[in-house]
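# Notes for the structure review
Listed below, chain by chain, are the residues.
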Amino acid sequence: MNKFIPFLLLFFALNSFSQKEANFWYFGRNAALDFNSGTPIPVNGSKLNTTEGCSSFSDENGNLLFYVGAENSDARSLTIWDKNNNPMPNGTGLKGDSSSAQSALTIPAPGRPNIYYLFTLSTANTGGNGGVPGFFYYEIDMSLNGNLGDINTTVGDATGATNLSDGKDSSWTEKVTAVKGYDCNSYWVISLSEQTSASNNNEFYAYKVTNTGVDTTNPVISEISNFRTNDQRGYLKVSPDGTKLVAANMTDNTFIFNFDNKTGKVTNFN
């Protein structure tokens with residue numbers, strides 16, 4: 001059963017997208033697979049060398065666009081490589097932490113074919129060892145850098161990063177997931193701020209992404225009464241139909257919630 005769980009979680013992640021955006025997998029120590037033929041074929045040349053979270057993304061026809069992770073297993077910052085295995089010009093030293101379990105998540109911008117959003121994050125514990133704690137997003141524009149893609153540094157701070165942590169960098173977790181909205185023309189990106197104090201409840205943050213961009217000013221915040229954990233490490237996954245959310249903690253159990261893909265609200269946990 002333990003061996004089955006990672007594949008189940010990966011299945012949930014891949015079903016967030018309807019075409020061939022997940023046909024290339026880049027992961028682990030220079031590992032990569034091409035699923036375009038229906039059978040996984042090894043791919044050479046990957047610069048990725050990470051022990052935890054990473055992300056790769058293809059276009060709707062299954063052509064690799066870029067991949068994200070650490071360049072070596074000791075690195076804490078994140079790098080974006082283009083399809084030719086070269087770092088994007090502004091794609092090194094990204095905020096967050098490669099040691100986060102879900103260190104990088106990519107979604108396509110609705111209605112904007114060349115634009116992708118990369119979400120990164122880190123806890124205060126991992127951030128203190130070289131990463132930057134908090135929850136961030138970057139806009140990747142594939143029309144830049146000779147159509148090989150680059151970070152759009154006109155969005156966010158001078159590096160292109162936008163902080164989504166709502167002033168709670170130190171309590172952010174390693175957990176992030178995404179699912180299509182009820183209207184099928186938007187996404188919800190969901191992450192978790194864990195309050196380890198006995199007097200505070202944990203809060204889910206759901207950011208809606210539409211054809212106008214990431215709504216950074218109106219996150220849907222769901223404070224879950226009596227839901228407190230003592231470990232910011234773990235995974236967050238949402239079911240493909242957008243109705244259930246699972247928070248798995250490394251040392252503190254697994255919890256199932258209801259999710260409303262119309263409103264972004266999280267309720268009821270077991």
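Predicted model only: the values in this text are computed from it and were never measured.

Our next topic: the sheet that holds strand β2 (residues 31-34). What the three strands build is an open sheet, ordered β1-β2-β3; its pairing is antiparallel. Where the open sheet ends on each side, the last strands, each with one partner, are β1 (24-27) and β3 (41-42). In terms of strand pairing, β2 meets β3 through two bridges, oriented antiparallel. Directly across from L33, in β3, lies its bridge partner P42.

In this structure, the second largest pocket spans a volume of roughly 490 Å³. Lining the second largest pocket are 24 residues, with E21, E60, P108, P113 and Y116 positioned closest to its centre. Of the residues in the lining of the second largest pocket, the class split is eleven nonpolar, eight polar and five charged.

Here we take up the sheet that holds strand β4 (residues 55-58). Strand pairing in a sheet relies on backbone hydrogen bonds. The paired strands run either parallel or antiparallel. If you trace the three strands from one edge of the open sheet to the other, you get β4-β5-β6, paired in antiparallel fashion. Two strands lie at the open edges of the sheet, namely β4 and β6 (79-82), each paired on one side alone. Shown here is a sheet whose adjacent strand axes are inclined to one another by a mean of 15 degrees, direction ignored. Judged from the four bridges that link them, β4 and strand β5 (residues 64-69) form a sheet pairing that is antiparallel.

The geometry of two aromatic rings is summed up by the distance between their centres and the angle between their planes. Going through the model one piece at a time under the given rule, you end up with 14 aromatic pairs. Pairing F66 with Y116 gives two aromatic rings, centres 5.8 Å apart and planes at 75 degrees, and the pair type is edge-to-face. With a gap of 50 residues between them, F66 in strand β5 and Y116 in strand β8 (residues 115-122) connect regions that are remote in the sequence. By relative accessible area, F66 is classed as buried at 0%. Given a relative accessible area of 7%, Y116 falls into the buried group. Judged by centre distance (5.6 Å) and plane angle (15 degrees), the rings of F135 and W172 are stacked. Of this pair, F135 sits in strand β9 (residues 134-141) while W172 sits in strand β12 (residues 172-180), placing them 37 residues apart in sequence. Since its relative accessible area comes to 0%, W172 is described here as buried. An aromatic cluster is present here, built from Y117, F119, F135, Y137, W172, Y205 and Y207 joined pairwise through their rings. Above the face of the Y182 ring, K262 is positioned so that its terminal group lies 4.4 Å from the ring centre.

Glancing now at the pattern of salt bridges. Per the stated rule, a full pass over the model turns up four salt bridges. The salt bridge involving E139 is made with R112; its shortest N-O contact spans 3.8 Å. Taken together, the positions of E139 in strand β9 and R112 in the loop between β7 (104-108) and β8 put the pair 27 residues apart, joining distant regions of the chain. Relative accessible area serves as the criterion here: at 7%, E139 is assigned to the buried category. Residue R112 is classed as partly exposed on the basis of its relative accessible area, which comes to 29%. Residue K175 pairs with E194 through a salt bridge whose shortest N-O separation is 2.6 Å. Here E194 lies in the loop between β13 (187-193) and β14 (203-210) and K175 lies in strand β12, a separation of 19 residues in the sequence. Here the two residues K175 and E194 agree in accessibility, since each one is buried.

Turning our attention to the pairing of strand β20 (residues 266-269). Sheet topology places strand β19 (residues 254-259) next to β20; three bridges connect them, and they run antiparallel. Counterpart to F257 in the pairing with β20 is F269. Turn length for the β19-β20 hairpin, with the two strands adjacent in sequence and antiparallel, is six residues, and the turn residue G264 shows positive phi of about 85 degrees.

Let's shift gears to the environment of G213. Here G213 lies in strand β15 (residues 213-214). Judged by relative accessible area, which is 8%, G213 ranks as buried. When sequence neighbours within four positions are dropped, the list of residues in contact with G213 reads Y117 and K208.

Cut-offs applied
- Residues numbered from 1 in each chain as written.
- Predicted model: local features only at pLDDT ≥ 70, side-chain atom pairs only at ≥ 80, totals over all residues.
- Heavy atoms only, no water.
- Pairing = 2+ DSSP bridges.
- Helix = DSSP H or I, 4+ residues; strand = E, 2+ residues; numbered from the N terminus.
- 1 Å grid on protein atoms, 1.4 Å probe; cavity = no way out; pocket = protein on both sides within 12 Å on 5 of 7 lines; lining within 4 Å.
- Points joined across faces, edges and corners; volume = space filled by probe spheres on them.
- Nonpolar A, V, L, I, M, F, W, Y, C, P; charged D, E, K, R; others polar.
- Axes fitted to C-alpha atoms, helices over the stretch in contact; angles between N-to-C directions.
- Phe/Tyr/Trp six-rings, centres within 6.5 Å; stacked < 30°, edge-to-face > 60°.
- Buried < 20%, exposed > 50% of the residue type's maximum accessible area, 1.4 Å probe, protein only.
- Lys NZ or Arg CZ within 6 Å of the ring centre and 35° of its normal.
- Salt bridge = Lys/Arg side-chain N within 4 Å of Asp/Glu carboxyl O.
- Contact = heavy atoms within 4.5 Å.

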